[in-house]
Amino acid sequence: MARVKGGLMAQKRRRNILEQVKGYRFDRSKKKRAAREAINHAGTYAFAHRKDKKNDFRRLWIARINAALQPLEMKYSRFIKQLKDKEIIIDRKILATIAKDRPDAFQRIVEKVK
């Protein structure tokens, strides 16, 4: 039986791996072994940070709402409690967007809650 060297498939595998690490620095963008390791780490970090991103955005929305409430002399925690008591269902993402883009509408929401 003829010997199979596998040069073509090795080149193809190497090319595919190096395409995935395009833009990486140093050996990770040029050498197959370093590139493969970089891909594995990148995948791990991407998975972890997809989860973290949700918490980061929630923190941002809360900070924006709180900043918009300061001039109206209201605290964030009281505002959220009163929203729930009055059964006004608006999530933090929407509240933060309204507070940032339409301060007059946000002020009306706060007055409705008081």
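Up top you'll find the structure we're talking about.
Reading the values: rules and limits
Residues numbered from 1 in each chain as written. Predicted model: local features only at pLDDT ≥ 70, side-chain atom pairs only at ≥ 80, totals over all residues. Heavy atoms only, no water. Axes fitted to C-alpha atoms, helices over the stretch in contact; angles between N-to-C directions. Helix = DSSP H or I, 4+ residues; strand = E, 2+ residues; numbered from the N terminus. Parallel < 35°, antiparallel > 145°, perpendicular 65-115°, else oblique. Contact = heavy atoms within 4.5 Å. Nonpolar A, V, L, I, M, F, W, Y, C, P; charged D, E, K, R; others polar. Phe/Tyr/Trp six-rings, centres within 6.5 Å; stacked < 30°, edge-to-face > 60°. Buried < 20%, exposed > 50% of the residue type's maximum accessible area, 1.4 Å probe, protein only. Arc of directions from axis to C-beta.

Undergrad: If you had to explain the packing of helix α4 (residues 92–101) against helix α5 (residues 103–113) to someone new, which residues and values would you point to?
TA: It is at 5 Å that the axes of α4 and α5 come closest, and there the two elements cross at 125°. Here α5 runs oblique to α4, going by the angle between their axes. From α4, L95, I98, A99, K100 and D101 reach across to α5, where they touch P103, A105, F106 and I109. Broken down by class, the residue content of the contact of α4 with α5 amounts to seven nonpolar, no polar and two charged.

Undergrad: Describe the packing of aromatic side chains, and please don't skip the residues or the numbers.
TA: All chains considered together, the criterion is met by two aromatic pairs. Measuring from centroid to centroid gives 6.1 Å for F57 and W61, while their planes differ by 35°, and the two rings are tilted. Of this pair, F57 and W61 both sit in helix α2 (residues 32–69), four residues apart, roughly one helical turn. For the pair F79 and F106, a centre-to-centre distance of 5.8 Å together with 55° between the ring planes defines the contact as tilted. Here F79 is found in helix α3 (residues 76–85), whereas its partner F106 is found in helix α5, with 27 residues between them in sequence. For F79, a relative accessible area of 0% gives the class buried.

Undergrad: Residue-level account of unusual backbone geometry, with values.
TA: Note: most residues except glycine have negative phi, and most peptide bonds are trans. Of note in the backbone geometry, F26 takes a positive phi value of approximately 60° without being a glycine. With respect to the secondary-structure elements, F26 resides in the loop between α1 (7–20) and α2. The phi angle at E87 is positive, at roughly 60°, despite the residue not being glycine. Here E87 shows up in the loop between α3 and α4. A residue is classified by how much of its surface remains accessible, and E87, at 67% relative accessible area, is exposed.

Undergrad: Which residues make up α3, and what values do they have?
TA: Those residues of α3 lying buried are Y76, F79, I80 and L83. Buried residues in α3, looked at end-on, bunch into an arc of 95°, giving them a common side. In α3, those exposed residues whose orientation departs by more than 90 degrees from the buried face are R78 and D85. Elements that come into contact with the buried residues of α3 comprise α2, α4 and α5.

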